[in-house]
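Here is what each chain is made of, one letter per residue.
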Amino acid sequence: MEIRVLRRLEDRNQASADEISAVLKKHEIRLINIMGGPGCGKTTLLEHLLPKLVDRFRCAVLEGDLYTTRDAERIAALQAPVVQLETQGSCHLDAALVLRGLKELPLDDLNVVFVENVGNLVCPANFDLGETARIAVMSVTEGHEKPSKYPLVFSRAHAVVISKIDLLEHTNFDVAAAESDIRVVNADAPIFKFSHRDDVPQPLIDWIVSLST
Amino acid sequence: MHEFAIVQSLCEAALEEAKRHSAVGILSITCRVGVMRQIVPEIMQTAFELTSEGTLLEKAILKLETDGVESTCSDCGARETVYELLFECPVCGSTSIRCSGGKDITLVSMDISQGEGDGDSSS
């Protein structure tokens, strides 16, 4: 007997994601999920962002990694509280793991928690973390076709950072093509350009400051 | 490998529905996945085989359908549903398009047997 169900699947992750949202609300914390491929500059972006935010916010980082603690060590060197989320080979963070990490942080003392997701452009975008905002990072050395190859992460982003912009002249990266492809799936997200040689663009800092809890 | 998490949700939902309909067997389930989810059908099938083991879904066939994205062209105005990740208008080829949808995962239907009187010959 054929039965029509038409049931939209809630990610089984959703219960933990909802719990994270409740924790964030209670403690008035902004949770920012940073996603991008391996080596696109997620950790470097954080290394530049944290010192710029220190006057305004108390920040912490949940550092997602498959195995090593190298990125967590880079963040700890900035004197920011950091919790390593080791996924043991899993290619993304899920809400249950992030919730566990969040509970290890001094939540009463924090305003912003960054989550650095596992370097991967496909899987992390499928998992809602109950976050306030998502930033997708792509570097000019990866090529401008990333938004058209991995549209989900760009479509769900609240902001996009194009990193390693100082290397533009050494690549065939087409900024206009990248921006146009981002706009196909995402009409609104602001696009920021970043190089580790320069300061984090002020509009990106303003954008983070403008996020409401 | 987000397919495993999707299949886990799918199996949980299907087993719940089976229970609600007093199913004694499940012949097949049909799942529609948005094209934006970028699943690999072969991995979905492997995940389904592993996840369904030892449950009422063990012998069920997983049928996969694709949910398209709505593409709206700023140049020619065409509104089309596309079932692959195109970054140009399927009508005029313009790249000035906006895409939406194609992100849902839906348990569409199930073919179940409800014990005596219905049996495995159900259609």
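Parameters and conventions
Residues numbered from 1 in each chain as written. Chains lettered and ligands numbered in written order. Predicted model: local features only at pLDDT ≥ 70, side-chain atom pairs only at ≥ 80, totals over all residues. Heavy atoms only, no water. pLDDT = per-residue confidence, 0-100. Contact = heavy atoms within 4.5 Å. Pairing = 2+ DSSP bridges. Helix = DSSP H or I, 4+ residues; strand = E, 2+ residues; numbered from the N terminus. Axes fitted to C-alpha atoms, helices over the stretch in contact; angles between N-to-C directions. Salt bridge = Lys/Arg side-chain N within 4 Å of Asp/Glu carboxyl O. Buried < 20%, exposed > 50% of the residue type's maximum accessible area, 1.4 Å probe, protein only. Buried area = accessible area lost by both parts, 1.4 Å probe. Parallel < 35°, antiparallel > 145°, perpendicular 65-115°, else oblique. Left-handed = near helix turned anticlockwise from the far one by under 90°. Phe/Tyr/Trp six-rings, centres within 6.5 Å; stacked < 30°, edge-to-face > 60°.

The subject of this paragraph is the confidence of the model for chain B. Residues and elements named next belong to chain B. In this model, chain B carries a mean pLDDT of 91, and residues with pLDDT of at least 70 account for 93%. Confidence over residues 119-123 falls short of pLDDT 50; this stretch has 11 contacts with residues more than four positions distant or in other chains. Our summary of model confidence lists the complex with pTM equal to 0.86 and ipTM equal to 0.79.

So, on to the sheet that holds strand 6 (residues 133-139) of chain A. All names here are of chain A. Pairing in this open sheet of 7 strands is parallel, and the strands run 4-3-5-2-6-7-8 from one edge to the other. Each end of this open sheet is capped by a strand with a single partner; those strands are strand 4 (82-86) and strand 8 (191-193). Each strand of the sheet is rotated relative to its neighbour by a mean of 20°, with strand direction disregarded. Strand direction decides the pairing type here: strand 2 (residues 30-36) and strand 5 (residues 112-116), joined by 5 bridges, are parallel. In the sheet register, Ile32 faces strand 5, and the bridge partner there is Phe114.

Let us now look at the pattern of salt bridges. The tally for this structure, following the rule as stated, stands at 13 salt bridges over all chains. The residue Glu145(A) makes a salt bridge to Lys146(A) at a minimum N-O spacing of 3.1 Å. On the accessibility criterion, Glu145(A) (26% relative accessible area) is partly exposed. Between Arg32(B) and Glu65(B) there is a salt bridge; the shortest N-O distance is 3.3 Å. With Arg32(B) in strand 1 (residues 25-34) and Glu65(B) in strand 2 (residues 61-67), this pair connects stretches of sequence that are 33 residues apart. The exposure class assigned to Glu65(B) is partly exposed, which follows from its relative accessible area of 34%. A network of salt bridges, in which partner residues are shared, links Arg7(A), Glu16(B), Glu17(B) and Arg20(B).

A separate point is the pairing of strand 5 of chain A. The side chains of a regular strand alternate, first on one face of the sheet and then on the other. Residue and element names in this part refer to chain A. Burial analysis of strand 5 places 5 of its 5 residues in the buried class, which makes it a mostly covered element. Burial along strand 5 is two-sided: the residues Val112, Phe114 and Glu116 and Val113 and Val115 are all buried. In terms of strand pairing, strand 3 (residues 59-65) meets strand 5 through 5 bridges, oriented parallel. Counted as the bridge partner of Cys59 is Val112 from strand 5.

Our focus in this paragraph is the interface of chain A and chain B. Each partner contributes to the interface: chain A provides 30 residues, whereas chain B provides 37 residues. Of the roughly 3100 Å² buried where chain A meets chain B, counting both sides, 56% is carbon and sulfur surface. Of all residues in chain A, Met1(A), Arg7(A) and Leu9(A) give up the largest surface area on contact with chain B, accounting jointly for 25% of the area buried on that side. Inspection of the region where chain A meets chain B yields 3 salt bridges.

What follows is about the environment of Val160(A). All names here are of chain A. Along the chain, the position of Val160 falls in strand 7 (residues 159-163). It is 9.6 Å that separates the C-alpha atoms of Val160 and Met35, two residues lying 125 residues apart in sequence. If we skip the residues at most four places from it in the chain, Val160 touches Ala136, Phe154, Ile182, Pro190, Ile191 and Phe192.

Residue and element names in this part refer to chain A. One can describe the packing of helix 2 (residues 42-53) onto helix 8 (residues 202-210) by two numbers: an axis separation of 11 Å at closest approach and a directional angle of 65°. Judged by the angle between their axes, helix 2 and helix 8 are roughly perpendicular. Once helix 2 is placed against helix 8, the crossing between them reads as right-handed. In this structure, helix 2 uses Leu45, Leu49, Lys52 and Leu53 to contact helix 8, whose residues at the interface are Leu204, Ile205 and Ile208.

With that settled, the discussion passes to the sheet that holds strand 6 (residues 105-113) of chain B. Read across the open sheet, the 4 strands follow the order 1(A)-6(B)-1(B)-2(B); overall the sheet is mixed. Where the open sheet ends on each side, the last strands, each with one partner, are strand 1 (2-8) of chain A together with strand 2 of chain B. Each neighbouring strand pair of the sheet contributes to a mean axis angle of 20°, computed without reference to strand direction. Across 8 bridges, the pairing between strand 1 of chain B and strand 6 of chain B is antiparallel. Bridge pairing links Gly25(B) to Ser113(B) in strand 6 of chain B. Each of strand 1 of chain A together with strand 1, strand 2 and strand 6 of chain B touches helix 1 (residues 3-20) of chain B; the most contacted strand, strand 6 of chain B, lies at about 45° to it. Packing of helix 2 (residues 41-52) of chain B onto the sheet brings it into contact with strand 1 and strand 2 of chain B, and relative to strand 2 of chain B it is tilted by some 145°.

To continue, consider the packing of aromatic side chains. Aromatic ring pairs are reported here in terms of the distance separating the ring centres and the angle at which the planes meet. Residues and elements named next belong to chain A. One pass over the full model with this rule turns up 1 aromatic pair over all chains. Consider the rings of Phe192 and Trp207, whose centres lie 6.4 Å apart with planes at 55°: the pair is tilted. Taken together, the residues Phe192 in strand 8 and Trp207 in helix 8 connect sequence positions 15 residues apart. Residue class for Phe192 comes out buried when judged on its relative accessible area of 7%.

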